[in-house]
Each structure stands twice: as C-alpha cells, then as structure tokens.
Amino acid sequence: MAEADYSVDVRTLDEFSPRELYAMLKMRTDVFVVEQKCPYPELDGADPDTLHLRLLSGGELLASARIGKPLETGDPAVIGRVVVSPDHRGKRLGDAVMREAVATCEQLFSDHPIALSAQSHLQRFYATFGFVAVSEEYLEDDIPHVDMERRLTAAAG
C-alpha cells in the first residue's frame, strides 16, 4: 500500500461518531485482547484525555495510535495503543502510523520528548524512529515491555 493510499485523522474521543469509535475500539480489542490472548482492561480510562490518530482508506480503519498530551513542562507526549488492522498487515502500515504519530507529537508538542511503553520484541522497530530504551524490561499484563523515549535531541536531528 502506497503512502498516498491512506489519509490521516487526529481527533479527540468526543469528536468520533459512535460507529468510528466502535471500529477503533473493536480493532484494539481484537488485537490486544483476543489475538494476543491478554485479558486486560483495554478501556483503561485514558481515551477521553488523549488524541487518537487513525489511518483511513475510503472510510475503512487501517491503523491507529493514541497520543497522550504532556501534563507539565518537561513531561513527554506519550504514544500508545499502536495497532494495525489484521486485515491490512504486510503493507508497512506500522511504519506509517508511527511516522504520523511522531510527526503529530513534534507538531503539537515540539518542546517535549516522546515516550512509549514498547512490547520488548518491538524495541528494534521503535528504535528506527529514534526511540531508546530508558528502563529495564518489565511485565505488563504478562507481556515483556520496556519504556522507550525519543529525546528532543533525536527529534531535532
């Protein structure tokens, strides 16, 4: 899938139609809970206070990510819930959604680093976007994770 084959949409939770919200939450649940066999609270209370980035093609949801706004000076913006629809894997949409999420954070929160909690097996993937590990590996919902950060110096380069 070429980059021109999708559009980027960034909005708050309150700006979704019920059907758009359903599609995004269903995709996240299908991947993070069902596919990864990880029963955890996907609806964690953070969605109302974050931005939601979606890649769309003709109204069809291809991928999404959640962007947490920095709370205070020096706090990072936080990228999370990065997911590609199982129906659209193998099209480099993981690269596309991360590229768009980083660009959105840089545009909206240019004076803040960007952080994420990566599943450990994806650490090398996130490193290609300038993220470096800033924690030891830990278990989150029985899945190995590592905290990563894209510092301002990496963003400016």
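Since the model is a prediction, treat every value here as computed from it, not as a measurement.

## Overview of the pairing of strand β8 (residues 143-150)
Thinking step 1. Taking burial as the measure, the eight residues of β8 include six buried ones, the bulk of the element.
Thinking step 2. Bridge count between strand β6 (residues 132-133) and β8: two bridges; the pairing is antiparallel. In the strand pairing of β8, Ala-133 is matched with Met-148.
Thinking step 3. In terms of strand pairing, strand β7 (residues 138-140) meets β8 through three bridges, oriented antiparallel. Of the residues in β8, the one forming a bridge with Leu-139 is Pro-144.

## Side note on the nonpolar core
Thinking step 1. Core analysis: the biggest nonpolar cluster contains 28 residues, and Leu-55, Ile-79, Met-98, Tyr-126 and Phe-131 have the highest contact counts within it.
Thinking step 2. Taken together, the elements giving at least two residues each to this core come down to β2 (50-57), β3 (60-68), β4 (77-84), α2 (93-108), β5 (114-119) and β8.
Thinking step 3. With seven residues, the top contributor of residues to this core is α2.
Thinking step 4. Counting 13 residues, the second-largest nonpolar core is a separate cluster that includes Met-27, Val-31, Val-83 and Ile-143.

## Digging into the environment of Ser-120
Thinking step 1. Its location among the elements puts Ser-120 in the loop between β5 and α3 (123-127).
Thinking step 2. Not counting the four nearest positions on each side in its chain, Ser-120 is found in contact with Glu-137, Pro-144, His-145 and Val-146.

## Observations concerning unusual backbone geometry
Thinking step 1. Residues other than glycine seldom take positive phi values, yet Arg-81 does so here, at roughly 50°.
Thinking step 2. Assessed through its relative accessible area of 17%, Arg-81 is described here as buried.

## Re the side chain of Arg-28
Thinking step 1. Here Arg-28 lies in helix α1 (residues 18-35).
Thinking step 2. Classification of Arg-28 by relative accessible area gives buried; the value is 1%.
Thinking step 3. A distance of 2.9 Å separates the side chain of Arg-28 from the side chain of Asp-47, its partner in a polar contact.

## Comments concerning the pattern of salt bridges
Thinking step 1. Under the counting rule described, the total for this entry stands at 15 salt bridges.
Thinking step 2. Put simply, Asp-44 and Arg-81 hold a salt bridge, and the shortest N to O gap is 3.1 Å. Taken as a pair, Asp-44 in the loop between α1 and β2 and Arg-81 in strand β4 lie far apart in primary sequence, 37 residues in all.
Thinking step 3. Residue classification places Asp-44 among the partly exposed residues on the basis of a relative accessible area of 37%.
Thinking step 4. When salt bridges that share partners are traced, they join Arg-28, Glu-42, Asp-44, Asp-47, Arg-66 and Arg-81 into one network.

## A short note on the side chain of His-145
Thinking step 1. Within the fold, His-145 resides in strand β8.
Thinking step 2. The class for His-145 is buried, based on a relative accessible area of 7%.
Thinking step 3. Within the local environment of His-145, its side chain forms a polar contact with the backbone oxygen of Ile-143, the two atoms lying 2.8 Å apart.
Thinking step 4. Excluding residues within four positions of it along the chain, His-145 makes contact with Ser-117, Ala-118, Gln-119, Ser-120, Glu-136, Glu-137, Tyr-138 and Glu-140.

## Let's talk about α1
In an α-helix, one turn spans 3.6 residues, which is why side chains three or four residues apart end up on the same side.
Thinking step 1. If you check α1, its first and last C-alpha atoms are 24 Å apart, about what 18 residues at 1.5 Å a residue would give, namely 26 Å.
Thinking step 2. Of all the bends in α1, the largest measures some 30° and sits at Thr-29.
Thinking step 3. All buried positions along α1 are accounted for by Met-24, Leu-25, Met-27, Arg-28, Val-31 and Phe-32.
Thinking step 4. Elements that come into contact with the buried residues of α1 comprise β2, β3 and β4.
Thinking step 5. Of the residues flanking the end of α1, it is Lys-37, one or two places downstream, whose phi is positive at about 50°.

Conventions adopted
Residues numbered from 1 in each chain as written. Predicted model: local features only at pLDDT ≥ 70, side-chain atom pairs only at ≥ 80, totals over all residues. Heavy atoms only, no water. Buried < 20%, exposed > 50% of the residue type's maximum accessible area, 1.4 Å probe, protein only. Helix = DSSP H or I, 4+ residues; strand = E, 2+ residues; numbered from the N terminus. Pairing = 2+ DSSP bridges. Core = buried A, V, L, I, M, F, W, Y, C linked by side-chain atoms within 4.5 Å. Contact = heavy atoms within 4.5 Å. Polar contact = N/O pair within 3.5 Å; in protein donor to acceptor, adjacent residues only side chain to side chain. Salt bridge = Lys/Arg side-chain N within 4 Å of Asp/Glu carboxyl O. Expected span 1.5 Å × (residues − 1). Bend = angle between axes of the 7 residues up to and from the residue.

Interpretation in functional terms is not warranted from these geometric data alone.
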